[in-house]
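Here are the chains, one letter per residue:
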Amino acid sequence: MSAIWHPFTQHGLGEPTPKIERGDGARLYAADGQSWIDGISSWWVTTHGHNNPRIMAAMRAQTERLDQVIFAGWTHEPAEDLAAELIRITPAPLSRVFFSDSGSTSVEVALKMALGYWHHLGEDRAQILVMEHSYHGDTIGAMSVGERGVFNRPYDPLLFDVGTIPFPHAGMEQMTLDALEAACAQKPAAFIVEPLILGAGGMLIYPAWVLFEMRAICAAHGVLFIADEVMTGWGRTGTRFACDQAGVIPDIMCLSKGLTGGAIPLAVTLCIEPIFAAHHSTDRSRTFYHSSSYTANPIACAAAVENLAIWRDEPVMERIQALSDAQAAHLAMTSHHVMVENPRHLGTIAAFDLAAPDTGYLSNLAPRLIAYFRENGVLLRPLGNSIYVMPPYSISADDLAHIWSTIAAAIHALEQDKLH
Ligand SMILES: *Cc1c(COP(=O)(O)O)cnc(C)c1O
């Protein structure tokens, strides 16, 4: 018996835990040669495929030079190169890069930057505005700004109060904008949002013009605008960053997941110069007091530098466009089915909801689907009754077709009441 307590896993249900030995492109292999097509990019991180040769080589080369060095008051070349390149590829107002280790910590850093900014300016602004159904991570601060529910109920007494703006459902966008306008008038510190698509909330998509208007409202009220691009960054939504599609420049931007191509943990929080300037002083009490032991680990930075080189040298956007087109075509074919509701598509992400007869049925639908997919060579992990496909950009047409035919077979089995 393994001693491991797995994340988001109910060990009491006794589900099998396949042991992966090797990864290659969109495929994961067990020791006995059994393989799975990774239809969710191993929880949205893998962009150029597993074990991308360039990223692996860059990490190997870095291990010959420097494994780790304290980052408080010290620096190293991979971090310098990465920061310079990030500033080069993002809009000019984003001028500073703060490193951390995960999406959740990049969000914690963003919140602390926002609070620190107002504090050092001597203004009493501490409230955070959030969007309904959002997900920003699993640490206490990140949970506080995310949707409340079964996932965080035991910790609710520790979560801080936020102002919640309704999700801009189709036809109801003005309600969202009015609510944001009203909330901004109360002088909150910041508004944090997942641009264009709410991931863990169920792949909920809203239009670019709404993102643009939300940003404009925040700007008009001097409310800091935090874009959590942890999932949407690095091409997922069809552009390098989701904000690009709306012509939006955030005050603070969180990046992780695909930052290293998905090979090794790393995150950054980018911010505009005034936020850095508010902390910049000869007064030590204005220091930005945040660090984790492995901040800007050199091997992780080397992987990220290589990821950015791949974006420069290779036709990444063309691959994304091809995958996006293929996803749209597969989704359109699947949408004919009577059980398929709300088919939606944004860049490389395709999703739909399964119409299930009742909620009791619905509650154990996801685990049964996950088991069916696993038994049929596909790694998918529906969010409740929402099935989504978000593969690495390097996936072959055959593997993508196999994912969708397996989904069609699962729907068929469900219809025949043969999905156990
Ligand atoms: C995954 C995710 C996070 C949390 O990132 P971790 O690396 O899992 O801590 C934060 N925000 C969004 C939008 C995410 O999708």
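Rules used throughout
- Positions within a chain are numbered from 1, following the residues in the order the chain's sequence is written.
- pLDDT decides what is reported in this predicted model: residues at 70 or higher carry local features, side-chain atom pairs at 80 or more are listed and counted, and totals for whole chains, interfaces and linings draw on all residues regardless.
- Only hydrogens and water are removed before side-chain values are computed, so all heavy atoms of the structure are retained for them.
- Note that domain bounds follow an automatic or database assignment of domains.
- In this analysis, two residues are considered to be in contact whenever any of their non-hydrogen atoms come within 4.5 Å of each other.
- Two parts placed together each lose some accessible area under a 1.4 Å probe, and adding up what both lose gives the buried area.
- Here, a salt bridge means any side-chain nitrogen of Lys or Arg that lies within 4 Å of a carboxyl oxygen of Asp or Glu.
- Numbering of helices and strands runs from the N terminus, with a helix taken as a DSSP run of H or I at least four residues long and a strand as a DSSP run of E at least two residues long.
- A simple rule labels every residue: compare its accessible area, found with a 1.4 Å probe on the protein chains alone, to the largest value its type can have, and call it buried under 20%, exposed over 50%, or partly exposed in between.
- Proximity is defined per residue: any heavy atom of the residue falling within 4 Å of a molecule or strand makes that residue near it.
- Pairs of N or O atoms within 3.5 Å make up the polar contacts considered here, provided that, within protein, one atom can donate a hydrogen while the other can accept it, and that residues adjacent in sequence are counted only when both atoms are side-chain atoms.
- Here the open area of atoms and residues is found with the Shrake-Rupley method and a 1.4 Å probe, where only the protein chains shown may cover a residue.
- For two strands to count as paired, DSSP must find a minimum of two bridges between them.
- Axis lines are fitted to C-alpha atoms, over the contacting stretch for helices. Their N-to-C directions set the angle, which ranges from 0 to 180 degrees.
- Stacked, tilted and edge-to-face pairs are distinguished by plane angle, under 30 degrees for stacked and over 60 for edge-to-face with tilted covering the rest, among Phe, Tyr and Trp rings (Trp via its six-membered ring) whose centres lie within 6.5 Å.
- Any Lys NZ or Arg CZ found within 6 Å of a ring centre and within 35 degrees of that ring's normal is scored as a charge over the ring.

1. Quick look at the domain arrangement of the protein
No. 1: Along its sequence, the protein is carved into domain 1 (11–51 + 317–415) and domain 2 (55–313).
No. 2: Counting residues at the interface gives 23 residues for domain 1 and 25 residues for domain 2.
No. 3: Between domain 1 and domain 2 the total buried area reaches about 2,000 Å² when both faces are included, carbon and sulfur atoms providing 66% of it.
No. 4: Of all residues in domain 1, Trp 44, His 48 and Leu 346 bury the most surface against domain 2, accounting for 33% of the area lost on that side.
No. 5: Along the contact surface separating domain 1 from domain 2 lie 0 salt bridges.

2. Digging into unusual backbone geometry
No. 1: Positioned with a positive phi, Leu 196 is a non-glycine residue whose angle comes to about 70 degrees.
No. 2: Secondary-structure assignment places Leu 196 in the loop between strand S7 (190–193) and strand S8 (197–198).
No. 3: Positive phi, normally seen in glycine, also occurs at Met 203, with a value near 55 degrees.
No. 4: Within the secondary structure layout, Met 203 lies in the loop between S8 and strand S9 (204–205).
No. 5: Owing to a relative accessible area of 1%, Met 203 belongs among the buried residues under this scheme.

3. A look at the site of the ligand
No. 1: The full set of residues close to the ligand is Trp 44, Ser 102, Gly 103, Ser 104, Tyr 135, His 136, Gly 137, Glu 194, Asp 228, Val 230, Met 231 and Lys 257.
No. 2: Between the ligand and Gly 103, the relevant distance is 2.8 Å, taken from an oxygen atom to a main-chain nitrogen or oxygen of the residue.
No. 3: Separating an oxygen atom of the ligand from a side-chain N or O atom of Lys 257 is a distance of 2.7 Å.
No. 4: A total of 380 Å² of accessible area belongs to the ligand in isolation, and the protein chains cover 83% of it.

4. Quick look at the sheet that holds strand S14 (residues 349–354)
Within a sheet, adjacent strands bond to each other through the backbone by hydrogen bonds, running parallel or antiparallel.
No. 1: Across the sheet, which stays open at both edges, the 3 strands sit in the order S13-S14-S16 with antiparallel pairing between neighbours. Each edge of the sheet is formed by a strand with only one pairing partner; in this case those strands are strand S13 (340–346) and strand S16 (386–389). Going from strand to strand, the sheet's axes swing by 15 degrees on average, the running direction of each strand aside.
No. 2: Sheet topology places S14 next to S16; 4 bridges connect them, and they run antiparallel.

5. Looking at the packing of aromatic side chains
No. 1: Taken as a whole, this structure holds 12 aromatic pairs when the rule is applied.
No. 2: Seen in terms of ring centroids, Phe 191 and Phe 225 are 6.0 Å apart; in terms of plane orientation they differ by 65 degrees. Their pairing is edge-to-face. One end of the pair, Phe 191, is in strand S7; the other, Phe 225, is in strand S10 (residues 224–228), and 34 residues separate them in sequence.
No. 3: The class for Phe 191 is buried, based on a relative accessible area of 0%.
No. 4: One aromatic cluster is present, built from ring pairs that chain together Phe 8, Trp 43 and Phe 151.
No. 5: We note Arg 22 situated over the ring of Tyr 29; from NZ or CZ to the ring centre the distance is 4.1 Å.
No. 6: Positioned above the aromatic ring of Trp 118, the side-chain terminus of Arg 125 is 4.1 Å from the ring centre.

6. What about the pairing of S7?
It is a general feature of regular strands that their side chains alternate between the two faces of the sheet.
No. 1: Burial along S7 is two-sided: Ala 190 and Ile 192 and Phe 191 and Val 193, pointing in opposite directions, are all buried.
No. 2: Here 3 bridges tie strand S5 (residues 128–131) to S7, and the two strands are oriented parallel to one another. For Val 130, the partnering residue across the bridge sits in S7 and is Ile 192.
No. 3: Relative to S10, S7 runs parallel, the two sharing 4 bridges. Bridge pairing in S10 places Val 193 opposite Ala 227.

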